[in-house]
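# Close look at the chain arrangement
What follows is each chain in one-letter form.
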Amino acid sequence: IVGSRCGVRAFRSAAACIALAARGCECFSRMLRTALRRAAAARPHARSLSAEASITVEFPGAYTAYLSEEPAAAAETTKAELLEYFKTMYTMRRMEITCDNEYKARTIRGFCHLYDGQEAIGTGVQAALSPEDSWITSYRCHCIALARGGTVEGVLAELMGQSHGQTGGKGGSMHFYNKEHNFFGGQGIVGAQVPVGTGLAFANKYKTPLGEPMPVAIGCYGDGAANQGQIWESMNMAALWKLPMIFCIENNQYGMGTSIARHSCNNDYYTMGNVIAGLKMDGMNVLSVREGMKHVRDYVSQGNGPMVVEMSTYRYHGHSMSDPGKIYRDGAEVKAMRENNDPIKNVRQLLLGHTDATEDELNTIEKNIRAEVEAARDRALAGSTPSSTDDLVRNIYLDEHGKDVPQSYIRLPDYEKSIRA
């Protein structure tokens, strides 16, 4: 919570919510205490009248380091940059809300895990990485696909199973992919992306001449996956071989419907690498994510080995669309986070408190984005599903020359419906 206008109001509301959280989850209370410290320490700055004028934003308490140094808790930014982050994050939010609506309308089916509340991570990480860096994440991947070269229409069409979706309508919610932008997907299996991400880091190191900075790989996963054996094994290999790998835990406080206090004996996830350096950061502040990830990227790209990153964040929806998210937490908890530490509101407050941006200007941006997302939804709905067997039997195997080899037979659960080209 930063911004000269909003500091006092945010301080008071955060204090009230900490009293509420004291009756509930300790991890949630800890997140709101962090918000309170940030509000108390926020310093007024002169307003910038130019879109390109530099603005200094401080966010004390945003980082906690393990076996490494903390980055500076401050960032240089501009009005133009903040507006770009605001637009990106609001687009992500509206896209995910649209996914919710279309799922309920049954135009989207199957598994569907939404990212609203965590937009600062996807936006901040993208701002810190280079295009050559490799990114792989979990099944909660719609917004990462958007950040890495995707479009709202391409994402929605994919969820609807349309042939013009980002992966041709064959991947669905959990399996986005964009090789051109070094995005290697969502993964439907919990934690399975982390060994693959470690392999991407190995490839990046293998292909880089000795002594030169390496492209990095980042594997994002949730707190619920953090204690899996395949992740520990990947960390071990990454440390032994000093791979440029970032193990990034998006700690949204719940593994499905189980709080971190009940499903992990160690809630300091950034320390889980044993001898691997770690960094915990405020995942609700796009600037702290960006600056923290710049620091992490520089460390691992220089041959120092991997780093474990914990993003402290929160999801507004349930684990998936089949989870109402109301049994294991109450509405007051979600409401408190929305009001006091929402990542989009945080950027909005920065714009209003540090630049000449106005409420009317930001409201117009939001209105335009809502219209753009609605138009993208309509175009997605107007598409068609893969129309022939050829669409289904391709993009499965390559021959030794890298050419696609269509498959003559694909076994389906119902044998009689199996595909025979």
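Right above here is the structure, for reference.
For every chain, the first residue of the written sequence is number 1, and numbering continues from 1 onward in sequence order. A pLDDT threshold of at least 70 governs which residues receive local features in this predicted model, and a stricter bar of 80 or more applies before side-chain atom pairs are shown or counted, although totals over entire chains, interfaces and linings include all residues. Side-chain numbers here rest on the full set of heavy atoms in the structure, without hydrogens or water.

### Here's the deal with the overall build of the chain
Under the convention used in this document: Under the scheme used here, helices are H or I runs from DSSP no shorter than 4 residues and strands are E runs no shorter than 2 residues, and both carry numbers assigned from the N terminus. Working definition: with a 1.4 Å probe on protein chains only, accessible area under 20% of the residue-type maximum means buried, over 50% means exposed, and in between means partly exposed. Residues count as neighbours in contact if any of their non-hydrogen atoms are within 4.5 Å of one another. All accessibility values rest on the Shrake-Rupley procedure with a 1.4 Å probe; residue burial counts only the protein chains present in the view.
Broken down by element type, the chain carries 14 helices and 14 strands. By residue count, 52% of the 421 residues in the chain fall in the buried class. When contacts within the chain are restricted to residue pairs at least 6 apart in sequence, those whose partners lie at least 24 apart make up 71%. Summed over all atoms, the accessible surface of the chain reaches about 18600 Å², with 52% contributed by carbon and sulfur.

### Points about helix H13 (residues 359-381)
To keep things clear, this is the line we draw: A helix is expected to reach a length of 1.5 Å times the quantity of its residues less one.
Under the 1.5 Å per step criterion, the end-to-end length of H13 is 33 Å for 23 residues, consistent within 8% with the ideal 33 Å. Every buried residue of H13 is accounted for by Leu362, Ile365, Glu366, Ile369, Val373, Ala376 and Ala380. Where the residues of H13 are buried, they touch helix H3 (79-104), helix H6 (152-159) and helix H12 (343-354).

### Considering the packing of helix H7 (residues 193-206) against helix H8 (residues 229-240)
Quick reminder of the rule: Fitted lines through C-alpha atoms give the axes, limited to the stretch in contact for helices. The angle between two N-to-C directions lies from 0 to 180 degrees. Should an angle lie under 35 degrees it is considered roughly parallel, over 145 roughly antiparallel, and from 65 to 115 roughly perpendicular; all remaining angles are considered oblique. Crossing chirality is assigned from the near helix's rotation relative to the far helix, an anticlockwise turn below a right angle marking it left-handed and a clockwise turn marking it right-handed. Three classes are used: nonpolar for Ala, Val, Leu, Ile, Met, Phe, Trp, Tyr, Cys and Pro, charged for Asp, Glu, Lys and Arg, and polar for all others, with Gly counted as polar.
For the pair H7 and H8, interaxial distance at closest approach is 8 Å and the crossing angle is 15°. Overall, the two elements H7 and H8 adopt an arrangement that is roughly parallel. As H7 runs across H8, the sense of the crossing is left-handed. Residue-level inspection shows Val194, Pro195 and Thr198 of H7 in contact with H8, the latter providing Gln230, Ile231, Ser234 and Ala238. Of the residues assigned to the contact of H7 with H8, the class counts are 4 nonpolar, 3 polar and no charged.

### Some remarks on the nonpolar core
Stated precisely, the cut-off is as follows: Here the nonpolar core consists of buried residues drawn from Ala, Val, Leu, Ile, Met, Phe, Trp, Tyr and Cys, with membership extended through side-chain atoms lying within 4.5 Å.
Residues Val125, Ile218, Ile246, Leu287, Met293, Val309 and Met311 are the most contacted members of the largest nonpolar core, which totals 69 residues. Ranked by the residues each element gives to this core, the list is headed by H3, at 9 residues. With sequence-adjacent residues up to four places away left out, methionine 293 is seen in contact with Val125, Ala128, Ile218, Ile246, Met281, Val309 and Met311. Core analysis: the second largest hydrophobic core is formed by 20 residues, Phe247, Ile260, Tyr269 and Ile276 among them.

### Regarding a nonpolar patch on the surface
Threshold: Surface patches are defined over residues having more than 30% relative accessible area and no salt bridge, joining like charges when they lie within 9 Å and nonpolar side chains (Val, Leu, Ile, Met, Phe, Trp, Tyr) when within 5 Å. Criterion for a salt bridge: a side-chain nitrogen of Lys or Arg within 4 Å of a carboxyl oxygen of Asp or Glu.
The grouping of Phe202, Tyr206, Met237, Leu240 and Trp241 at the surface amounts to a nonpolar patch, some 600 Å² of accessible area in total. Looking at the nonpolar patch, the elements with two or more residues in it are H7 and H8. Relative accessible area serves as the criterion here: at 35%, methionine 237 is assigned to the partly exposed category.

### Thoughts on the pattern of salt bridges
Where side chains of opposite charge bring their charged atoms close, a pairing between them can arise. Counted according to the given criterion, the structure contains 15 salt bridges. Among the ionic pairs, glutamate 153 bridges to arginine 379, the shortest N-O distance being 2.7 Å. Linking glutamate 153 in helix H6 with arginine 379 in helix H13, this pair joins segments that are 226 residues apart in sequence. Between aspartate 378 and arginine 377 there is a salt bridge, and its shortest N-O distance comes to 3.0 Å. By relative accessible area, arginine 377 is classed as partly exposed at 24%. Through salt bridges with shared partners, a single network forms among Glu81, Arg290, Glu291 and Lys294.

### Considering helix H10 (residues 286-301)
Counted only if it meets this: We call two N or O atoms a polar contact when they sit within 3.5 Å, provided that within protein one can donate a hydrogen and the other can accept it, with sequence-adjacent residues counted only if both atoms are side-chain atoms.
The end-to-end C-alpha separation of H10 is 22 Å, in line with the 22 Å expected for 16 residues at 1.5 Å each. N-capping of H10 is provided by asparagine 285, with a side-chain oxygen placed 2.9 Å from the backbone N of leucine 287. Following H10 by one or two positions, glycine 303 has its phi on the positive side, about 90°.

### Topic: the layout of surface pockets
Applied cut-off: With a 1 Å grid laid over protein atoms only, a set of points is called a cavity when a 1.4 Å probe fits there but cannot get out and a pocket when it is open yet has protein on both sides within 12 Å along at least five of seven lines; lining residues have an atom within 4 Å of a point. Grid points are joined across faces, edges and corners, and a volume is the space filled by probe spheres set on the points.
Estimates place the volume of the largest pocket at around 440 Å³. Around the largest pocket, the lining comprises 30 residues; the ones closest to its centre are His113, Tyr139, Arg140, Val190 and His319. Looking at the lining of the largest pocket, the elements with two or more residues in it are strand S5 (217-222) and strand S7 (254-255).

### Here's the deal with the environment of glycine 197
By the element assignment, glycine 197 lies in helix H7. Each C-alpha atom of the pair glycine 197 and phenylalanine 247 lies 8.7 Å from the other, and the pair is 50 residues apart in sequence. Filtering out sequence-adjacent residues up to four positions away, glycine 197 remains in contact with Ile136, Ala217 and Met245.

### Comments concerning unusual backbone geometry
Negative phi characterises most residues that are not glycine, and trans characterises most peptide bonds. Positive phi outside glycine occurs at lysine 242, with the angle close to 50°. Within the fold, lysine 242 resides in the loop between H8 and strand S6 (245-251).

### Quick word on the packing of aromatic side chains
Spelled out, the test is: Working definition: rings of Phe, Tyr and Trp (its six-membered ring) pair if their centres are within 6.5 Å, and the pair is stacked with planes under 30 degrees apart, edge-to-face with planes over 60 apart, and tilted otherwise.
Scanning the model with the defined rule gives 7 aromatic pairs in all. Aromatic side chains phenylalanine 59 and tyrosine 63 sit 6.1 Å apart centroid to centroid with 80° between the ring planes, which places their arrangement in the edge-to-face category. By relative accessible area, phenylalanine 59 is classed as buried at 0%. Here a set of aromatic residues connected by ring pairs shows up, and it is made of Phe202, Tyr206 and Trp241.

### Some points on the side chain of serine 173
Along the chain, the position of serine 173 falls in the loop between H6 and H7. For serine 173, a relative accessible area of 7% gives the class buried. Among the polar contacts listed, one links the side chain of serine 173 to the side chain of histidine 142, at a separation of 2.7 Å. Every residue in contact with serine 173, bar those within four places of it in the chain, is listed here: Phe111, Cys112, His113, Tyr139, Cys141, His142 and Leu159.

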